[in-house]
Every structure is written in structure tokens, then in C-alpha cells.
Amino acid sequence: MRKLNCILLVDDNMDDNLANTSVIMEVDAAHQIKTARNGGTALEYLEMSKQDPIQYPFPELIFLEINMPRVDGFQFLEKMGEESLLSVVLPIVVVLTNSVNLNYENIAKKKFSNQITIFAKKPLTTEMLTDIIHKFFW
């Protein structure tokens with residue numbers, strides 16, 4: 001299995017970030033795991049990755065929560081699409097949420113279908129991560 005250079009976790013829940021980090025480490029899926037507590041911080045991270053790719057490696061895979069304070073997941077996707085924050089290569093974006101709001105998935109599929117690769121329910125599992133890596137990075 002190919003080991004990714006960087007995975008970015010965008011979630012305000014530190015327990016979820018720790019659990020996701022553990023799964024990524026268990027699978028040995030990435031050289032670096034970065035976290036952002038909301039969409040605004042994630043946007044700042046992507047901007048920094050253009051300026052300092054050593055300290056802020058561009059994420060090949062982003063796990064994104066929808067429900068976050070300040071800048072939520074949908075606002076992050078809007079800004080990411082508007083601004084030139086991305087290199088020529090787009091990251092794989094997996095919306096990983098525990099939200100039971102069925103409307104979120106519909107909004108995601110209609111408005112952000114070009115940016116969201118997968119819409120999934122928490123928790124991240126080793127099987128889910130392995131499947132994603134095999135499907136998109138093999």
C-alpha cells in the first residue's frame with residue numbers, strides 16, 4: 001500500500017482527531033498527519049503549504065467535518081473552490097461526519113460534487129482508510 005505524504009484532519013473535536021490519527025498510524029498510511037480545528041485554520045494551512053511546503057506539506061487526503069465553529073466544512077469547501085489555494089493536483093476530500101442531518105449529504109452532493117470524493121459517517125476505521133487509499137492512491 002502506498003504511504004501518503006500528508007493527511008489533513010479538519011475537525012473541531014480533538015477526541016475524533018486523536019482517534020483518526022490512531023487509525024492512520026495503525027495503517028501506516030501517511031508520513032505526516034496535520035490537524036485543523038475548523039475550516040478557517042484549514043484554509044490557512046493550505047495557503048501556507050504553497051509558501052512553505054516542507055513545514056506545511058500539501059495534503060493528498062483531507063478528512064473534513066461539516067459541523068464546526070467559525071468556518072464550517074461547507075464554508076471551507078466554498079472558499080477552497082474560490083481561492084487559488086490548491087495546486088494543480090486536487091486532494092481527495094472525504095467528508096467524515098457524525099451529523100444525522102440528511103440534508104447535509106444532499107447539499108454536499110449537489111453543491112460540492114467536484115470537491116467531495118466521499119461522504120462518510122464517523123468513525124474512521126482501518127477498513128475505510130485502506131479502501132480509500134487503494135481506490136484513489138494505488
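Look up a bit, the structure's there.
What comes next concerns the included structure. A quick note: this is a predicted structure, and the numbers were derived from the prediction, not measured.

1. A closer look at the overall build of the protein
Scanning the protein from N- to C-terminus turns up 5 helices and 5 strands. For 138 residues, the compact-globule formula gives about 14 Å, and the C-alpha radius of gyration of the protein, at 14 Å, lands near that figure. Overall, the protein is about 35 × 35 × 25 Å in size when its C-alpha atoms are taken along their principal axes. Across the 138 residues in the protein, those meeting the buried criterion constitute 46%.

2. Brief notes about the sheet that holds strand E1 (residues 4–10)
Spatial ordering of the open sheet is given by E2-E1-E3-E4-E5, a layout of 5 strands whose pairing is parallel. In the strand order of this sheet, the two ends are held by strand E2 (30–36) and strand E5 (118–121), each with one partner. The average angle at which neighbouring strand axes cross in this sheet is 20°, direction not considered. Sheet analysis places strand E4 (residues 92–97) next to E5, joined by 4 bridges and oriented parallel. Across the sheet, Val94 pairs through a bridge with Ile118, a residue of E5. Lying on the sheet, helix H3 (residues 73–82) is in contact with strand E3 (61–64) and E4; it crosses E3 at an angle near 145°.

3. Quick look at the packing of aromatic side chains
Here the structure, examined in full by the defined rule, presents 3 aromatic pairs. Look at Tyr45 and Tyr56: their rings are 5.5 Å apart centre to centre, the planes differ by 65°, and that puts the pair in the edge-to-face class. Separated by 11 residues along the polypeptide, Tyr45 in helix H2 (residues 39–51) and Tyr56 in the loop between H2 and E3 bring together distant segments of the chain. Aromatic pair Phe74 and Phe112: ring centres 5.6 Å apart, planes at 10°, arrangement stacked. In this pair, Phe74 sits in helix H3 while Phe112 sits in the loop between helix H4 (102–111) and E5, placing the two residues 38 residues apart along the sequence. Take Phe74 and Phe112: they sit in the same class, and that class is buried.

4. Notes on helix H5 (residues 126–137)
Residue pairs spaced three or four apart in an α-helix point in one direction, given the helix's 3.6 residues per turn. Under the 1.5 Å per step criterion, the end-to-end length of H5 is 16 Å for 12 residues, consistent within 8% with the ideal 16 Å. Along H5, the positions that sit buried rather than exposed are Met128, Leu129, Ile132, Ile133 and Phe137. The arc that holds every buried residue of H5, seen down its axis, measures 130°, which confines them to one face. Turned more than 90 degrees from where H5 packs its buried face, Glu127, Asp131 and Lys135 sit exposed. Buried-residue contacts for H5 involve E1, helix H1 (14–27), E3, E4 and E5.

5. Thoughts on the nonpolar core
Core analysis: the largest hydrophobic core is formed by 23 residues, its most contacted members being Val10, Leu64, Phe76 and Leu77. Sorting the residues of this core by element identifies E1, H2, E3, H3, E4 and H4 as the ones contributing at least two each. Ignoring any residue separated from it by four or fewer positions in sequence, one finds Phe76 in contact with Gly39, Ala42, Leu43, Leu46, Ile62, Leu64 and Val71.

Cut-off values and rules
- Residues numbered from 1 in each chain as written.
- Predicted model: local features only at pLDDT ≥ 70, side-chain atom pairs only at ≥ 80, totals over all residues.
- Heavy atoms only, no water.
- Helix = DSSP H or I, 4+ residues; strand = E, 2+ residues; numbered from the N terminus.
- Rg over C-alpha atoms; globule rule 2.2 N^0.38 Å.
- Buried < 20%, exposed > 50% of the residue type's maximum accessible area, 1.4 Å probe, protein only.
- Pairing = 2+ DSSP bridges.
- Axes fitted to C-alpha atoms, helices over the stretch in contact; angles between N-to-C directions.
- Contact = heavy atoms within 4.5 Å.
- Phe/Tyr/Trp six-rings, centres within 6.5 Å; stacked < 30°, edge-to-face > 60°.
- Expected span 1.5 Å × (residues − 1).
- Arc of directions from axis to C-beta.
- Core = buried A, V, L, I, M, F, W, Y, C linked by side-chain atoms within 4.5 Å.

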